[in-house]
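Analysis of the macromolecular model
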Amino acid sequence: MMSNSTSLTVSYFILGAYLNIGYLRYLCFMITAMLYIVIVVANTSLIVVICVNRSLHEPMYLFLCSLFVNELYGSTGLFPFLLLQILSDIHTVSAPLCFLQIFCLYTYANIQFCNLTVMSYDRYLAICYPLQYNTRMTSNKAVILIILVWLYSFVKFLITLSLNIRLTLCGNIINGLYCNNHLVVKLACSDTQVNNMYGLFSIVFSILVPLFPILFSYMRILRVCFSGSKQTRQKALSTCTPHLVSLLNFSFGCSFEILQSRFDMSGVPSVLRIILSLYFLIIQPLMNPVMYGLQMSKLRNICKHVLRYKLK
């Protein structure tokens, strides 16, 4: 095991949050594998349904497609790795693979927030400016926004990754189930001031900045709902409820992970820390396809039609 006080070239990291649960690890493996299969099947099914049905080639459903693709991307960055670690006796990960996982999970979180921001703006236009919606938000504009969201997220975190790789590390023990950016930075014995400043800047731009257009959009939507007809309120409720639930759920999960990586959480029971550290990476990819599949009537009806056709 590497020392935590001597500067060394780190070729691998040790994940220190795994508990010795004996034969129960096989049960954990089965449950985790089942969750991953459900996530892949649910999200892939909705992506296929949206792609093959021309009636769903509208901005709102294109944003949903981007959201489901991102769920697959984030889940693939975690679950295969988690399955290997559950069955392993020694919980180690090579440095390149660790940095790759950090890149995948952090870009996933950034894309998620940006996607939800763009979706709130789309709902704002649809509810507040229904007559002008088709000219203000076209399918081509939606595709451009989606591409910008993904490019922005990748470029932003490539900067973070380049700052991390240059650090001289004094240890290789990460107190987590998977690789975490700030936990790696905390192992450094070289100057991390630039990393910490850019990390805070990144959090602000990933979470707080998207919050303003979301709040603005929903304040305007609520204003229209209170002054509009019953039909307008029902339309707003059916399209905005899954978005709001998704946003609040993901914000809660990310907030705990940020707090856990930056502050001493030793007072919180180990099992609870483990569950909450996985919360935003497991619940969100499971919840989004179920919520949007059930709440969006057009998508729900097409899914029912496809299922009936398959069962015949």
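To start, this report covers the structure provided alongside it. (Residues numbered from 1 in each chain as written. Predicted model: local features only at pLDDT ≥ 70, side-chain atom pairs only at ≥ 80, totals over all residues. Heavy atoms only, no water.)

Some points on the overall build of the protein chain
- Per the secondary structure count, the protein chain includes ten helices and three strands.
- Taken over 312 residues, the protein chain has a buried fraction of 48%.
- Put simply, of all contacts in the protein chain between residues at least 6 apart along the chain, 80% involve residues at least 24 apart.
- If you sum the accessible surface of the protein chain, you get close to 16300 Å²; carbon and sulfur atoms cover 71% of it. (Helix = DSSP H or I, 4+ residues; strand = E, 2+ residues; numbered from the N terminus. Buried < 20%, exposed > 50% of the residue type's maximum accessible area, 1.4 Å probe, protein only. Contact = heavy atoms within 4.5 Å. Areas by Shrake-Rupley, 256 points an atom, 1.4 Å probe, with all protein chains shown as cover.)

Thoughts on the sheet that holds strand β1 (residues 12-15)
- Strand order in the open sheet formed by three strands is β2-β1-β3, with mixed pairing between adjacent strands. Every interior strand has two partners, whereas the edge strands, β2 (92-94) and β3 (173-174), have only one.
- Pairing analysis gives three bridges linking β1 to β2, with the strands arranged antiparallel. Note on β2: the bridge partner recorded for F13 is V93.
- Where helix α3 (residues 95-128) meets the sheet, it contacts β1, β2 and β3, and its direction lies at approximately 90 degrees from that of β2. (Pairing = 2+ DSSP bridges. Axes fitted to C-alpha atoms, helices over the stretch in contact; angles between N-to-C directions.)

Quick word on a nonpolar patch on the surface
- Where nonpolar side chains cluster on the molecular surface, the patch consists of Y152, F201, V204, F205, L208, V209, L211, L215 and M219 and spans about 770 Å² of accessible area.
- For the nonpolar patch, the leading source of residues is helix α7 (residues 193-227), giving eight residues.
- Structurally, L215 can be placed in helix α7.
- The class of L215 is partly exposed, set by a relative accessible area of 45%. (Patch = residues over 30% accessible without salt bridge, like charges linked within 9 Å, V, L, I, M, F, W, Y side chains within 5 Å. Salt bridge = Lys/Arg side-chain N within 4 Å of Asp/Glu carboxyl O.)

Structural measurements only, silent on function.
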